[in-house]
Amino acid sequence: MQNETVIVLDFGGQYNQLIARRVRECNVYCEVMSYKNSIEKIKEKNPVGIIFTGGPNSVYDEKSPHYDKEIFELGIPILGICYGCHLMAYSLGGHVDTAPVGEYGKTEITTSDSLLFDGVDKNTVVWMSHTDYIDKIPEGFKITAYSKDCPCAAYENADKKLYAVQYHPEVNHSIQGQQMLKNFLYNICGCKGDWIMSDFAKRSIEALRNKIGNGKVLCALSGGVDSSVAAVMLHKAVGKQLTCVFVDNGLLRKNEGDEVESLFRKQFDINLIRANAQEKFLGKLKGVIEPEKKRKIIGEEFIRIFETEAKKIGTVDFLVQGTIYPDVIESGAGDAAVIKSHHNVGGLPEHVDFKEIIEPLRDLFKDEVRQLGIELGLPEKFVWRQPFPGPGLAVRVIGEITEDKLAILRDADAIFREEIANAELNKSINQYFAVITDMRSVGVMGDSRTYDYTLALRAVTTTDFMTADWARIPYDVLEKASNRIVNEVKHVNRLVYDITSKPPATIEWE
Ligand code: XMP
């Protein structure tokens, strides 16, 4: 049976996938389609509702995207958001003008009686971001909300099930925005909410199976959440046609290599090649202290080893990447792409022949990927892993990387993580780890003088990892971690806690 489907018709707005995600949060299946798709394509999907997204243009721009007016005659409920709201007015005989003052940011609107505002306060705060506004609504429509600077913040023709809002209900700043979207889906489109994440998994696995046929698939497995979820999904789709290559670069956390291997080989029975390249990496890194140089060496070495392993399995048809939606946005945006290239260690291997890249998580947000991971049977512990940088512990060992420093760091880091988990802070703190500095200082242990390493503990809260705040960990948790580390890990006699936010610091120390 087909799920009830909502189409998010994309006019180039920055929040298009966020709208899709909000619809999924209401347990309604939805697909984002570009406005470049014909109306016939939309009809084929048999949607119960359509949402027009925002977009950067003015409806009067020559290049602005328009749509076949027939869409308003299909009897399918439509919700126009921002540009979508202008387009609806413009297409149906209303008028859009450029306002003398734009409205940006949190704005209070006053709502009136409408199915869209069921359960919504009369005065409620929404997120506005526009200069154009509607100065004349189409005939047969009525205005249902206004703000101080915007006489038409929402309008509708309830008989025709056409609704439009000037603001962005999908962003968190619109306090009751989710309620409005839910109202559209349930009250207006008549959705029942028959979609759950396991449907996404089923659908995607089936689609992957059809696409891949008898082809061979290669996946670079890092052990991180995204590549793990992608690998398991592919494995469910094509089983032994998939080979995963896991490069152990000697810069992983305590027991990490073995845990990854055991999970994928034993629990999932995935074809896994573990390339034990610890010595190669550490050899190349010998004497190197400059952080960017470390990254470059690791990136290049990763590609070399991945290629060598890939060649052993012969021709591959598809290469899997665990790209998720926030990566897609980052790579698309100017400078962000540059940041990304060093973040995604290795990038794409040049000498592995394959027909196509497969990115099964491309439309999902991180928390949805975690949800999917649980759905696919990955253990909680794996699914809730914090992000771990591609260059691994190399960027947490300040100065030269040596086996000794790595061993100290691994033990200390494991204790810190354990204490964070014991205090049940592991889901609320987004990243937490230890760093070994290149500094030694004097201490006293028993009756003896010590001259040992200073380690730092770093813990941050963040939603996007572009900015971050240092986590206010309770003192007793810090105390316990500190005591345990100096007592249990040799050659550490001093612990400091990093209390800088990002900016001006970064999350990693290198
Ligand atoms: P920074 O240190 O730039 O880190 O504040 C932001 C986030 O990115 C991770 N990070 C990396 N991830 N390769 C990666 O795959 C890298 O070179 C890299 N550097 C930083 C970092 O752990 C944090 O989550």
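Summary of the structure given here. Because the structure is predicted, anything quoted here is derived from the model rather than measured. (Residues numbered from 1 in each chain as written. Predicted model: local features only at pLDDT ≥ 70, side-chain atom pairs only at ≥ 80, totals over all residues. Heavy atoms only, no water.)

Time to look at the overall build of the protein. A count of helices and strands for the protein gives 15 helices and 18 strands. The principal-axis extents of the C-alpha atoms in the protein amount to approximately 85 × 55 × 40 Å. The buried share of the protein, reckoned over its 510 residues, is 54%. Summarising the internal contacts of the protein: among those between residues at least 6 apart in sequence, 75% fall at separations of at least 24. Carbon and sulfur atoms make up 49% of the accessible area of the protein, which totals about 23,600 Å². Positive and negative side-chain charges of the protein, numbering 61 and 73 respectively, have mean locations separated by a distance of 5 Å. (Helix = DSSP H or I, 4+ residues; strand = E, 2+ residues; numbered from the N terminus. Buried < 20%, exposed > 50% of the residue type's maximum accessible area, 1.4 Å probe, protein only. Contact = heavy atoms within 4.5 Å. Areas by Shrake-Rupley, 256 points an atom, 1.4 Å probe, with all protein chains shown as cover. Lys, Arg positive; Asp, Glu negative; His and termini not counted. Charge placed at Lys NZ, Arg CZ, Asp CG, Glu CD.)

Here we take up the pairing of strand S3 (residues 49-52). Along any regular strand, the residues point their side chains to alternate faces of the sheet. Of the two faces of S3, the one lined by Gly49 and Ile51 and the one lined by Ile50 and Phe52 are each fully buried. Here strand S1 (residues 5-10) runs beside S3; their pairing, made up of four bridges, is parallel. Within S3, the residue paired with Leu9 across the bridge is Phe52. (Pairing = 2+ DSSP bridges.)

Within soluble globular proteins, side chains that are nonpolar generally end up buried alongside one another. Phe416, Leu457, Ile473 and Ile485 are the most contacted members of the largest nonpolar core, which has 51 residues in total. Counting residues per element, this core draws most heavily on helix H14 (residues 403-422), which supplies seven residues. Once you skip the residues sitting within four places of it in the chain, Leu457 turns out to touch Phe416, Phe433, Ala434, Leu478, Ala481, Ile485, Leu495, Val496, Tyr497 and Asp498. Counting residues in hydrophobic clusters, the runner-up holds 42 residues, among them Leu272, Phe318, Ile358 and Leu378. (Core = buried A, V, L, I, M, F, W, Y, C linked by side-chain atoms within 4.5 Å.)

In this section: the sheet that holds strand S12 (residues 271-276). Read from one edge to the other, the open sheet built from five strands follows the order S12-S11-S10-S13-S14, with strand pairing classed as parallel. The open sheet is flanked by S12 and strand S14 (356-358), the only strands paired with a single partner. Neighbour-to-neighbour, the strand axes of the sheet open up by a mean angle of 25 degrees, direction not taken into account. Here helix H5 (residues 197-212) sits on the sheet and contacts strand S10 (217-220), strand S13 (318-320) and S14; the angle it forms with S14, its principal contact strand, is near 165 degrees. (Axes fitted to C-alpha atoms, helices over the stretch in contact; angles between N-to-C directions.)

Nothing here speaks to function; it is all geometry.
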